[in-house]
Amino acid sequence: MSDMQRAITILGATGSIGASTLDVVARHSDRFRVHALTAHTNTGLLIRQCLRFRPRYAVVGTPEGAARVREALHDKNCRTEVMTGPEALEQVASDPAADTVVAAIVGAAGLSATMAAVNSGKRVLLANKEALVMAGPLFMAAVGSSGAELLPLDSEHNAIFQCLPRNFSHAGLTDNGVRRVLLTASGGPFRDTPLEELRSVTPAQACAHPNWSMGRKISVDSATMMNKGLELIEACWLFDIPGSQVEVVLHPQSIIHSMVEYVDGSVVAQLGNPDMRTPIAFALDYPHRIDAGVEPLDLVRVGHLDFQRPDSTRFPCLRLAYEALKAGGSASVVLNAANEVAVAAFLESGLGFTDIPVVIEETLAGCASGSLRTMGDVLDADSEARRVARAALQRHAGGPG
Ligand code: NAD
Ligand code: MG
């Protein structure tokens, strides 16, 4: 593959991860070309991306949006074929003409296209952690049977991947001498905010992450630490390790992106400036290392690296994720769906920040647990959980009347 140009499809091209991916791709036009780009509503940015990268296909969330993009591209003699709808997303995700798919749609909305990429045996660069949290066992079984090459973009999981022995066996990490995985977390913008002030924090404050610039949903997840909860579940599926062997460590500087502890006492860490272009570049041309445009790490300027245990009173979402993981079956689907509903209500309709974990906990209590044998089971559990979560929202001030 190293002598060939890779053809890349980016699902969620207009988001934070999508834009960072295109930034890396643009630095290496000899190695990569863009096959397809998808966007939900940001047609202005999608048009600019198409004019710059000239993909074969573009997919837009609505027919009206697609018409707008089609017209703008036509005016500039750009021959990108513009499509719309969920089938179009799955089509570009599984198109044999692309070898690499970047799964960077946010939330459950990205599940079916990500699964389509996995089922067609692509190199899949996974940012859409929600897909793996929802469908863990089916997702990993599909990776096994299709021969897809799954490379994590999430900075922590990319770090763990880098700290593991090359060709580590999926027959359980203990066979590889691993004792524990140490998942680092910044603690987000409210790590030191007095607890009594958390109730009234605003979406703008929650989205102002101290170290990373990201989409709004994951920024709120970082503030509640549900992001770390989702990442815990993600790590267990990706690396075939039980939750009891994953420890979350607060590390406010976000310089160490995670660590692997071995039975001989060695702890291997991956460090770097907090910039998603590093894991993206690592995965795009794996196993070759390419320039990511990331500023070199100046450890002397960083000065010191701090570590703390996460505070479970401040961050109940982390406990809920450990519990859902332990419960197994559909509990992770419910956790994810309830979180998506609660975060959207916090961002859009005034649900209190501290009511986010309350809504999730009530939803987990209100949903029957079931096993996940098919993707239909996953989707059913997801819609049932959204229904229960919306009912829980109504019981809390600020929920839609
Ligand atoms: P974002 O909100 O910036 O972008 C989301 C993208 O998904 C956009 O391109 C949008 O058009 C598309 N999208 C949204 N809703 C859609 C729908 N219903 N159907 C189709 N497309 C839709 O989000 P982001 O920060 O880039 O995060 C994307 C994913 O990557 C998330 O799962 C997030 O957890 C994960 N992730 C992000 C970061 C980061 O630094 N931003 C780091 C690790 C993991
Ligand atoms: Mg992460």
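From a predicted model like this one, the values you see are computed outputs, not experimental measurements.

Novice: Requested: an account of the overall build of the protein, with residues and values cited.
Specialist: The helix and strand tally for the protein stands at 16 helices and eleven strands. If one aligns the C-alpha atoms of the protein with their principal axes, the spans along those axes are about 55 × 55 × 45 Å. Intrachain contacts of the protein at a sequence separation of at least 6 include 70% that bridge at least 24 residues. Carbon and sulfur atoms make up 51% of the accessible area of the protein, which amounts to about 16700 Å² in all. Put simply, the protein has 35 plus and 43 minus side-chain charges, and the middle of one group is 4 Å from the middle of the other.

Novice: Explain the coordination of the magnesium ion (ligand 2) to me, using residue names and the numbers behind them.
Specialist: For the magnesium ion (ligand 2), the full set of protein donor atoms is Asp154 (OD), Glu156 (OE) and Glu231 (OE), at a range of 2.1 to 2.2 Å. Positions of the donor residues of the magnesium ion (ligand 2) along the chain correspond to the pattern D-x1-E-x74-E. In this pair, Glu156 sits in helix α7 (residues 155-163) while Glu231 sits in helix α10 (residues 226-239), placing the two residues 75 residues apart along the sequence. Judged by relative accessible area, which is 1%, Glu231 ranks as buried.

Novice: Lay out the sheet that holds strand β10 (residues 256-262) in plain terms, naming residues and giving numbers.
Specialist: The sheet built from four strands is open, its strands ordered β9-β8-β10-β11 with mixed pairing. Each edge of the sheet is formed by a strand with only one pairing partner; in this case those strands are β9 (246-250) and β11 (267-271). In this sheet, adjacent strand axes meet at a mean angle of 20° when their direction is disregarded. Relative to β9, strand β8 (residues 178-185) runs parallel, the two being bridged by five bridges. Residue pairing across strands places Leu183 opposite Val248, the latter belonging to β9. Contacts from α7 reach β8, β10 and β11, with the element oriented near 40° to β10.

Novice: I'd like a rundown of the nonpolar core, residues and numbers included.
Specialist: Formed by 129 residues in total, the largest nonpolar core has its most connected members in Phe139, Phe239 and Leu335. Core analysis: the next-biggest nonpolar cluster, separate from the first, contains five residues, Val334, Ala337, Cys367 and Ala385 among them.

Novice: Talk me through the pattern of salt bridges; I want residue IDs and the actual numbers.
Specialist: A complete count under the given rule lists 25 salt bridges for this structure. The salt bridge partner of Arg180 is Glu261, with a shortest N-O separation of 2.6 Å. Placement of Arg180 in strand β8 and of Glu261 in strand β10 is noted, with a sequence separation of 81 residues between them. Assessed through its relative accessible area of 26%, Arg180 is described here as partly exposed. Note that Lys228 is salt-bridged to Glu231, the shortest N-O span being 2.7 Å.

Novice: Tell me what's going on with the site of ligand 1, and back it up with residues and numbers.
Specialist: In the vicinity of ligand 1 there are 21 residues, among which Thr14, Ser16, His40, Glu130 and Gly215 approach most closely. Taking Thr14, its side chain carries an N or O atom lying 2.8 Å from an oxygen atom of ligand 1. The separation between an oxygen atom of ligand 1 and a polar main-chain atom of His40 is 2.8 Å. Expressed as a share of its isolated accessible area of 830 Å², the protein-covered part of ligand 1 is 85%. Of all elements in the fold, only α1 (16-27) and α6 (129-146) reach the threshold of two or more residues within the shell around ligand 1. Here the residues of the shell around ligand 1 sort into eleven nonpolar, seven polar and three charged.

Novice: Pulling in residues and values, what's your account of unusual backbone geometry?
Specialist: The residue after Tyr286, namely Pro287, is reached through a cis peptide bond having omega 0°. Considering the arrangement of structural elements, one finds Pro287 in the loop between α11 (277-284) and α12 (299-302). One non-glycine residue, Asp240, lies in positive phi territory at about 55°. Assignment of secondary structure puts Asp240 in the loop between α10 and β9.

Novice: Describe the pairing of strand β7 (residues 149-152), and please don't skip the residues or the numbers.
Specialist: For a regular strand, the rule is simple: side chains alternate between the two faces of the sheet. Pairing analysis gives four bridges linking strand β6 (residues 123-126) to β7, with the strands arranged parallel. Looking at the pairing, Arg123 lines up with Glu149 of β7. Handedness of the crossover joining β6 and β7 through α6: right-handed.

Novice: Lay out the sheet that holds strand β5 (residues 100-103) in plain terms, naming residues and giving numbers.
Specialist: Strand pairing within a sheet occurs via backbone hydrogen bonds; the two strands may be parallel or antiparallel. Read from one edge to the other, the open sheet built from seven strands follows the order β4-β3-β2-β1-β5-β6-β7, with strand pairing classed as parallel. Each edge of the sheet is formed by a strand with only one pairing partner; in this case those strands are β4 (81-84) and β7. Neighbouring strand axes in the sheet, compared pairwise and without regard to direction, differ in orientation by 20° on average. Note: strand β1 (residues 6-11) against β5, four bridges, orientation parallel. Considered in β5, the bridge of Ile10 is made with Val102. Packing against the sheet, helix α5 (residues 111-119) makes contact with β1, β5 and β6, and its axis sits at approximately 150° to β6.

Novice: Tell me about the packing of aromatic side chains, residues and numbers included.
Specialist: Per the stated rule, a full pass over the model turns up five aromatic pairs. Centroid distance Phe346 to Phe353: 5.6 Å. Interplanar angle 65°. Geometry classified as edge-to-face. Of the two residues, Phe346 and Phe353, both sit in the buried class. The rings of Phe161, Phe282 and Tyr286 are connected pair by pair, giving a single aromatic cluster.

About the thresholds
- Residues numbered from 1 in each chain as written.
- Chains lettered and ligands numbered in written order.
- Predicted model: local features only at pLDDT ≥ 70, side-chain atom pairs only at ≥ 80, totals over all residues.
- Heavy atoms only, no water.
- Helix = DSSP H or I, 4+ residues; strand = E, 2+ residues; numbered from the N terminus.
- Contact = heavy atoms within 4.5 Å.
- Areas by Shrake-Rupley, 256 points an atom, 1.4 Å probe, with all protein chains shown as cover.
- Lys, Arg positive; Asp, Glu negative; His and termini not counted.
- Charge placed at Lys NZ, Arg CZ, Asp CG, Glu CD.
- Donors = N, O, S within 2.8 Å, 3.2 Å for Na, K, Ca; no water.
- Buried < 20%, exposed > 50% of the residue type's maximum accessible area, 1.4 Å probe, protein only.
- Pairing = 2+ DSSP bridges.
- Axes fitted to C-alpha atoms, helices over the stretch in contact; angles between N-to-C directions.
- Core = buried A, V, L, I, M, F, W, Y, C linked by side-chain atoms within 4.5 Å.
- Salt bridge = Lys/Arg side-chain N within 4 Å of Asp/Glu carboxyl O.
- Near = heavy atom within 4 Å.
- Polar contact = N/O pair within 3.5 Å; in protein donor to acceptor, adjacent residues only side chain to side chain.
- Nonpolar A, V, L, I, M, F, W, Y, C, P; charged D, E, K, R; others polar.
- Right-handed = clockwise from strand over helix to strand, strands pointing away.
- Phe/Tyr/Trp six-rings, centres within 6.5 Å; stacked < 30°, edge-to-face > 60°.

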